[in-house]
Amino acid sequence: MVLATMVFAQEEKTFKVEVHGFVGVNAFMDTRQSATARNGNIYLFPKPANFDNEHNDLSDHASLDIDAAFSRFNVGVTGPDVLGAKSFAFIEADFLGDKNTSHQDLNFRLRHAFVRLNWEKTSLLLGQSWHPLFVTENVPNTVNVGCGVPYHPLNRQPMIRVGHQLGNRIEAIAFLMYQNDFLDKGMHDASENSMIPESALQLKYKSERFFAALTGGYKVLKPALSDPYTGIKTDELAKGGYVAASLKKDFGVLTFKTEGLFTAGMTNVVMLGGFAEKTNDSPERAYSAIKNFSFWADVESNAKKVKPGILLGYTKNLGTFDKATPLAGFNIGGNIANMYSIVPRVKFMASPRLMFGLEWMYVVAAYGGTDANGDFMYDAYAKPINTENFSNHRLTAGMRYSF
C-alpha cells in the first residue's frame, strides 16, 4: 500500500488542470414572434401569420429579453501518457437546458465530456463532442450564440472518433455516433432502437492561412416499435444523411469562411427539414427524408480592437425523395420553402478577454400558402408551394468575458 501510494503521488504531479469558460450576457429584441430554442438564444425563423377572430395577426408582435444562461465553464486535464499516447480529458457545461413553461425549467447542461488520446499520427476520442458537421475550424463568428443556425449545423453527440494524419496537412477522420439531447424531431429513442450508429467520414486540409473540409455521413432511425396506425410491431426505418464542403481563407486583414451543405432528415443538427410520410398503399406509416440545401458565408475583420463582420445565409427545401405528405411534429420549418438572412455585426474588444458586440439580423422566410381551411399547401413531394414571405429583425447587444 505504501509503494502504491508513492507511485500514485508521483503520477499525480504529471496532471495539469486548466479551468476556462466565459460569462456572457445578451439582450435581444425581435420585431415578430419567432421560433427559437435554448431560452431564445438560438434563433430559427419568424413565425407565419396567426389570425384571431378579428383577423389580427398575433405573430405580428415584438419581444425583448436579456439572458445569461449561455455562460459556460470547462475543465481540461492533460495527463500522463497512456499506451504511448498523450492523454487529455475535457468536460464543459452551461445552463441552457430545456425551457418548457418557465425560467425555472432551465437546467445545468452537459456540452462536452470526452477523453482524447493522441499518438504521433493517430488520435482517438471517446465521449461527447461536436458532430462532424460542426467543423470547429470554420464556424460563423456571430455575436449571438447560434453560430449561424439554421444554415450552419449545431449538435454535440456521444461518439467514437478516430483521426489519422495522411500527411503534414491532411487528416482523415471516422465517426460512429448516437444521439443524446440533440434528437430528431418526433423520434425519441429512434437512434438507440435502430441498433445502427450514425457514421461519418471527414477529410481536413490545413495550411497556415487556408482550411478546407469535406464531410459525408449516414444515419438510420427506428421511429417506433409499433406502427402508429395499426398498433402492430413494425420494422419500419427512417434514413437520413448529409454531404458538406467547408472553406476558410485568412487574407491578413480579414478572414473569409463559407460552407455548402446538402442534408436529408437532419433536424438533430438544428437545420430545416426532417421527415414526411411516404405515399403508398400500405396501412402502415413509412418515412421519407426531406432534402435541404443550405449555404452560408461569413467575413470578419482581423483587427484587434474593432472587428466588423457579416454573415449571409440561405436555405431551401428540396422536397422528399419519394412522394409524401407532411408529418406534423417530425420536422423543423417543414412548411418553409426557402429562407435567407443578412447578419451584420461589430465587436469591440475592450481587452483580449472582454468583448462587447452589436448585431442586426434580418430574416425572411417563404412559407407555403394556405388553403380555405387555413392549412399549408404542398406539392406531391411535401415541398411548400404558393409561398408568402414573413420577415423579422433581431437586434442583439452582447457582452462576453472569457477566462
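These figures come from a predicted structure and were not determined experimentally.

Asks: I tried to follow unusual backbone geometry on my own but got confused; where do I start?
Replies: Glycine aside, the phi torsion of most residues is negative, and most peptide linkages are trans. In this structure, the amide linkage connecting V149 to the following residue, P150, adopts the cis form with an omega of 5°. Summarising the element assignment, P150 is placed in the loop between strand 8 (122-130) and strand 9 (156-165). Here L83, not a glycine, exhibits a phi torsion of approximately 55°, which is positive. If you trace the backbone, L83 turns up in the loop between strand 5 (72-82) and strand 6 (85-94).

Asks: Is there a simple way to think about the side chain of D67 in this case?
Replies: Tracing the backbone shows D67 in strand 4 (residues 63-67). Using a relative accessible area of 7% as the deciding quantity, one classes D67 as buried. Once residues within four sequence positions are removed from consideration, D67 is found in contact with G24, V25, N26, F28, N39, N41 and L96.

Asks: Would you take a moment to explain the confidence of the model for the protein for this structure?
Replies: As a general rule, the predicted coordinates of low-pLDDT regions are not to be interpreted in detail. In this model, the protein carries an average pLDDT of 94, and 95% of its residues clear a pLDDT of 70 or more. The model gives residues 1-10 a pLDDT under 50, and that stretch makes zero contacts with residues more than four places away or in other chains.

Asks: Any chance you could explain the side chain of E359 here in plain terms?
Replies: Along the chain, E359 falls in strand 21 (residues 354-367). R345 provides the closest opposite charge to the buried, unpaired E359, separated from it by 5.2 Å. A polar contact is formed between the side chain of E359 and the backbone nitrogen of V143, at a distance of 2.9 Å. Apart from residues no more than four positions distant in its own chain, E359 is found in contact with T142, V143, N144, V343, P344, R345, R394, L395 and T396.

Asks: What should I look at first to understand the environment of A174 in this one?
Replies: Among the secondary structure elements, A174 is positioned in strand 10 (residues 170-177). Residue A174 is classed as partly exposed on the basis of its relative accessible area, which comes to 33%. Separated by 38 residues in the primary sequence, A174 and A212 have C-alpha atoms spaced 17 Å apart. Apart from residues lying up to four places away in sequence, A174 is in contact with I160, R161, V162, A200 and L201.

Asks: Just checking my understanding: could you explain the environment of G186 for this structure?
Replies: Tracing the sequence through the fold places G186 in the loop between strand 10 and helix 2 (190-194). Separated by 126 residues in sequence, G186 and D60 place their C-alpha atoms 28 Å apart. Look past the residues within four positions of G186 in its chain and what remains in contact with it is G329 and F330.

Asks: Honestly, the environment of Q128 in this entry has me stumped. Any pointers?
Replies: Relative to the assigned elements, Q128 resides in strand 8. A sequence separation of 31 residues divides Q128 from G97, and the C-alpha atoms of the two residues are 16 Å apart. Excluding its chain neighbours within four sequence positions, the residues that come into contact with Q128 are L110, R111, H112, A113, F114, R156, Q157, P158, N180 and D181. From its side chain, Q128 meets the backbone oxygen of R111 in a polar contact 2.9 Å long. Reaching out from Q128, the side chain makes a polar contact with the side chain of N180 at a distance of 2.7 Å.

Asks: Quick question: what am I supposed to make of the pattern of salt bridges here?
Replies: A side chain with one charge may pair with a side chain of the opposite charge, provided their charged atoms come close. Counted according to the given criterion, the structure contains 13 salt bridges. For D57, the salt bridge goes to R32, with nearest N and O atoms at 2.8 Å. Highlighted residues: D57 in the loop between strand 3 (42-46) and strand 4 and R32 in the loop between strand 1 (16-30) and strand 2 (34-37), separated in sequence by 25 residues. Across the pair R109 and D94 runs a salt bridge whose closest N-O atoms are separated by 2.7 Å.

Asks: Just checking my understanding: could you explain the packing of aromatic side chains for this structure?
Replies: Any pair of aromatic rings gets described here by the distance separating the centres and the angle formed by the planes. Evaluated as defined, the whole model comprises 11 aromatic pairs. On the numbers, 5.5 Å between centres and 50° between planes, the contact of F95 with F108 is tilted. Taken as a pair, F95 in the loop between strand 6 and strand 7 (109-118) and F108 in the loop between strand 6 and strand 7 lie far apart in primary sequence, 13 residues in all. Between W130 and F134, the aromatic rings sit 3.7 Å apart at their centres with planes inclined by 10°, giving stacked as the arrangement. No difference in accessibility class separates W130 from F134, as the two residues are buried. Ring pairs connect the aromatic residues F73, F95 and F108, which therefore count as one cluster. The ring of F321 has K291 lying over it, and the distance from NZ or CZ to the ring centre is 5.1 Å.

Asks: Could you clarify how one ought to interpret the pairing of strand 5 in this entry?
Replies: A regular strand places its side chains so that they alternate between the two faces of the sheet. Both strand 1 and strand 5 contribute to a ladder of seven bridges, which runs antiparallel. In the strand pairing of strand 5, E18 is matched with G76. Here strand 5 pairs with strand 6 via nine bridges, running antiparallel. Note on strand 6: the bridge partner recorded for T78 is F88. Connecting the antiparallel pair strand 5 and strand 6 is a turn made up of two residues, with L83 showing a positive phi of about 55°.

Asks: Where do I start with the pairing of strand 7 in this structure?
Replies: Here nine bridges tie strand 6 to strand 7, and the two strands are oriented antiparallel to one another. By the bridge assignment for strand 7, I91 is matched with A113. Sheet topology note: the strand 7/strand 8 ladder contains six bridges and is antiparallel. Considered in strand 8, the bridge of V115 is made with L126. Between strand 7 and strand 8, which pair antiparallel in sequence order, lie three residues.

What counts, and where the lines are drawn
Residues numbered from 1 in each chain as written. Predicted model: local features only at pLDDT ≥ 70, side-chain atom pairs only at ≥ 80, totals over all residues. Heavy atoms only, no water. Helix = DSSP H or I, 4+ residues; strand = E, 2+ residues; numbered from the N terminus. Buried < 20%, exposed > 50% of the residue type's maximum accessible area, 1.4 Å probe, protein only. Contact = heavy atoms within 4.5 Å. pLDDT = per-residue confidence, 0-100. Lys, Arg positive; Asp, Glu negative; His and termini not counted. Salt bridge = Lys/Arg side-chain N within 4 Å of Asp/Glu carboxyl O. Polar contact = N/O pair within 3.5 Å; in protein donor to acceptor, adjacent residues only side chain to side chain. Phe/Tyr/Trp six-rings, centres within 6.5 Å; stacked < 30°, edge-to-face > 60°. Lys NZ or Arg CZ within 6 Å of the ring centre and 35° of its normal. Pairing = 2+ DSSP bridges.

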